[in-house]
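Descriptive structure summary
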Amino acid sequence: MVLRRPSHCPTVVHLDRDYLEAVPALIGGRKWVLVTSAGWAGRGTIKAITGAAGAPVAVVDDVPENPAISYVEKLASVKAADLVVAIGGGSVMDAAKGLAALQALAGEIPPFEAHLRDGEPLPEDLAPAPLICVPTTSGTGSEVTRWATIWGDEKVKFSLTDSRLYPSDAVLDPSLCISKPRELTLASGLDALSHAMEAVWNNNHTPESDRLATTAIGSIRNHLLIALERPDDIEARREMQVASTIAGFAMGTTQTALAHSISYPFTALFGMPHGLACSFTLPAVAEYNMGADQDRLGAIAEGLECEIADIPAVLLAWFDEMMLGAAVGRYVSAADIDGLGENLITRARAANNLRAVDGATAKDIAKRSLGDLSGAGAETAAAAP
Ligand SMILES: [Fe+2]
């Protein structure tokens with residue numbers, strides 16, 4: 001078999017570590033920049049890490065959710081250092097990758113924009129500072145991937161993609177996940193599930209990515225509900241954190257596919273958290289892909305411990321247990337989906353999908369998915385004009 005994408009990931013993953021011990025040891029007295037969010041800054045994280053590792057040369061403490069290109073480009077003026085440390089969720093890690101790329105470009109915006117907007121490769125001699133990622137959510141996988149999502153100010157999704165942007169290290173400290181609120185636990189956990197499932201029904205899949213996906217799906221199946229019901233269950237948090245990183249390894253080989261392709265307008269236009277937007281269609285996307293090649297979903301069935309034919313029903317029952325319908329229904333109604341037109345796919349991601357898809361089919365999948373979720377209907381009716 002020809003591996004269409006590199007299956008190796010150079011990031012060193014430090015499992016189950018106290019970040020206040022691991023990160024200072026990795027910094028090793030070098031000059032560093034800290035990137036985090038206002039939320040983590042408010043929890044005393046900056047004081048804690050600078051107390052343990054010494055003062056950074058610069059602190060970025062205001063990364064917003066879904067950072068826009070205009071925000072990331074402002075990071076070009078942040079003082080450069082020997083390495084970058086990102087403490088936060090996917091938005092923080094993605095902004096840190098943008099910062100590292102821009103600093104390596106000496107703050108030059110045009111090649112950065114040409115890469116995001118037109119897919120132009122970054123310069124051959126680009127040498128970004130090493131990036132240490134400390135993920136505080138369990139879902140994005142950004143701590144082990146070479147890409148970052150950056151949003152156009154016109155609500156278009158761009159990808160920063162370069163193998164030199166793989167983080168050098170990922171420090172997994174499950175205690176950082178204890179404070180996650182329920183919706184973030186749900187959304188991030190389902191993002192990880194979606195990464196694993198999308199790796200399976202993906203044209204770039206390999207035997208290795210299938211095995212990684214099965215492992216991640218099985219662990220998420222066994223631990224996400226526990227993390228939702230008992231937020232301070234450190235074992236469930238630890239397992240979800242590892243599953244998310246394993247799903248990131250699988251996705252790092254394959255990229256994402258149809259469920260992610262459909263998700264972007266829901267985040268851009270309705271503010272739906274990414275993890276909800278890329279997961280509520282999973283049962284219907286599974287069914288759609290089974291129509292092309294049922295056996296290809298065997299790795300998912302193995303993770304869910306069910307028959308392949310039962311995957312959509314098992315997912316729906318599980319989603320109902322987690323009350324996904326109510327969460328999704330807060331952001332979008334059936335009428336909203338009707339108003340989306342037929343441009344509900346991001347072509348590069350849809351092209352990765354096992355079965356070809358057009359805009360009308362994607363819209364039908366989204367609408368049916370919303371209707372199939374218990375609890376979304378009532379919210380939907382209330383939200384409809
Ligand atoms: Fe995702």
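Residues numbered from 1 in each chain as written. Predicted model: local features only at pLDDT ≥ 70, side-chain atom pairs only at ≥ 80, totals over all residues.

Side note on the overall build of the protein chain
Let me state the cut-off plainly: Labels follow the DSSP assignment, with helices taken as runs of H or I lasting at least four residues and strands as runs of E lasting at least two, numbered in each case from the N terminus. Here the globule rule is a power law, 2.2 Å times the number of residues to the power 0.38, and the radius of gyration is based on C-alpha atoms. Exposed residues have 12 or fewer other C-beta atoms within 10 Å of their own C-beta, buried residues have 20 or more, and residues in between are partly exposed; the C-beta atoms are placed from the backbone. In this description, any two residues whose backbone-derived C-beta atoms lie within 7 Å of each other are considered to be in contact.
In terms of helices and strands, the protein chain carries 19 helices and eight strands. Expected size for 385 residues packed as a compact globule is a radius of gyration near 21 Å; at 20 Å, the protein chain falls within 12% of this value. Overall size of the protein chain, expressed as C-alpha extent along the three principal axes, is 55 × 50 × 45 Å. Looking at the protein chain as a whole, 53% of its 385 residues are labelled buried. Nonlocal contacts in the protein chain, meaning residues at least 24 apart in sequence, comprise 79% of its contacts between residues at least 6 apart.

Examining helix 6 (residues 109-118)
The following threshold applies: Directions pointing from the helix axis toward each C-beta atom define the arc.
Taken together, the buried positions of helix 6 are Phe112, His115 and Leu116. The buried side chains of helix 6 occupy one side of the element, clustering within an arc of 90° when seen end-on. Within helix 6, the exposed residues directed more than 90 degrees away from the buried face are Pro110, Arg117 and Asp118. Of the surrounding secondary structure, the elements contacted by the buried residues of helix 6 are helix 4 (69-74), helix 5 (90-104), strand 6 (147-151) and strand 7 (157-161).

Structural notes on the domain arrangement of the protein chain
We count it as follows: By convention here, the domain bounds are inherited from an automatic or database domain assignment. Three categories are distinguished: nonpolar for Ala, Val, Leu, Ile, Met, Phe, Trp, Tyr, Cys and Pro, charged for Asp, Glu, Lys and Arg, and polar for the others, with Gly belonging to the last.
Per the domain assignment, the segments making up the protein chain are domain 1 (12-175) and domain 2 (182-383). On a C-alpha basis, the centroid separation for the pair domain 1 and domain 2 is 26 Å. Taken together, the 19 residues of domain 1 in the interface contact 26 residues of domain 2. Residues that form the side of domain 1 that touches domain 2 fall into these classes: seven nonpolar, eight polar and four charged.

Section: the packing of helix 1 (residues 19-27) against helix 3 (residues 45-53)
Spelled out, the test is: The axes used here are C-alpha line fits, helices contributing only the stretch in contact, and every angle between their N-to-C directions lies in the interval 0 to 180 degrees. Just so you know how the angles are binned, under 35 degrees is roughly parallel, over 145 roughly antiparallel, 65 to 115 roughly perpendicular, and the rest oblique. By convention the crossing between two helices is left-handed if the near helix lies anticlockwise of the far one by an angle smaller than a right angle, and right-handed if it lies clockwise.
Contact geometry for helix 1 and helix 3: axes closest at 9 Å, N-to-C directions at 50°. In terms of orientation, helix 1 and helix 3 fall into the oblique class. For the pair helix 1 and helix 3, the sense of crossing is right-handed. Contact residues: helix 1 offers Leu20, Val23, Pro24 and Ile27, while helix 3 offers Ala48, Ile49, Ala52 and Ala53. When the residues that make up the contact of helix 1 with helix 3 are grouped by side-chain class, the tally is eight nonpolar, no polar and no charged.

Remarks on unusual backbone geometry
Leaving glycine aside, a negative phi is the common case for residues, and trans is the common case for peptide bonds. With a phi close to 55°, Asp16 is a non-glycine residue in the positive phi region. Structurally, the position occupied by Asp16 is in the loop between strand 1 (12-14) and helix 1. The residue Ala106 is not glycine, and still its phi comes out positive at about 55°.

Re the sheet that holds strand 4 (residues 83-88)
To keep it simple, the criterion reads: We treat two strands as partners when DSSP finds at least two bridges between them.
Taken together, the six strands give an open sheet; going across it, the order is 1-8-5-4-2-3, and neighbouring strands pair in parallel fashion. One side of each edge strand has no neighbouring strand; the edge strands of this open sheet are strand 1 and strand 3 (58-60). When the angles between neighbouring strand axes are averaged without regard to direction, this sheet yields 15°. Direction of pairing for strand 4 relative to strand 5 (residues 131-135): parallel, over a ladder of five bridges. Paired with Ala86 across the bridge in strand 5 is Cys133.

Brief notes about the pairing of strand 6
With four of five residues buried, strand 6 lies mostly within the body of the structure. Sheet topology note: the strand 6/strand 7 ladder contains five bridges and is antiparallel. Bridge pairing in strand 7 links Trp147 to Thr161. Counting the residues between successive antiparallel strands, the hairpin from strand 6 to strand 7 contains five residues, one of them, Lys155, with a positive phi of roughly 65°.

Regarding the nonpolar core
Selection rule: For the purposes of this analysis, a nonpolar core is taken to be any set of buried Ala, Val, Leu, Ile, Met, Phe, Trp, Tyr and Cys residues that are connected through C-beta atoms within 7 Å.
Core analysis: the largest hydrophobic core is formed by 117 residues, its most contacted members being Val35, Val84, Ala86, Ala213 and Ala216. The two domains that each donate at least three residues to this core are domain 1 (12-175) and domain 2 (182-383).

Some words on the pairing of strand 4
Within strand 4, six of the six residues are buried, leaving the element largely enclosed by the surrounding structure. Alternating positions in strand 4 separate into two faces, Leu83, Val85 and Ile87 on one and Val84, Ala86 and Gly88 on the other, with burial throughout. By the bridge criterion, five bridges tie strand 2 (residues 32-36) to strand 4 in an arrangement that is parallel. Bridge pairing in strand 4 links Val33 to Val84.

Re the environment of Ala81
Looking at where Ala81 falls in the secondary structure, it is placed in the loop between helix 4 and strand 4. Given 18 C-beta atoms within a 10 Å radius, Ala81 is considered partly exposed. With 48 residues separating them along the chain, Ala81 and Ala129 place their C-alpha atoms 7.4 Å apart. Residues within four places of Ala81 in sequence aside, it is in contact with Lys31, Trp32, Val33, Val57 and Ala129.

Some words on the environment of Asp372
In this structure, Asp372 sits in helix 18 (residues 359-372). The class for Asp372 is buried, based on 20 C-beta atoms found within 10 Å. In this view, Asp372 contacts Pro283, Ala284 and Leu316; residues no more than four positions away in its chain are not counted.

Re the packing of helix 12 (residues 282-293) against helix 18
Between helix 12 and helix 18, the shortest axis-to-axis distance is 8 Å and the interhelical angle comes to 130°. By the angle class used here, helix 12 and helix 18 are oblique. Every pair of crossing elements has a handedness; the one defined by helix 12 and helix 18 is right-handed. On helix 18, the residues touching Pro283, Ala284, Val285 and Tyr288 of helix 12 are Ile365, Arg368, Ser369 and Asp372. When the residues that make up the contact of helix 12 with helix 18 are grouped by side-chain class, the tally is five nonpolar, one polar and two charged.

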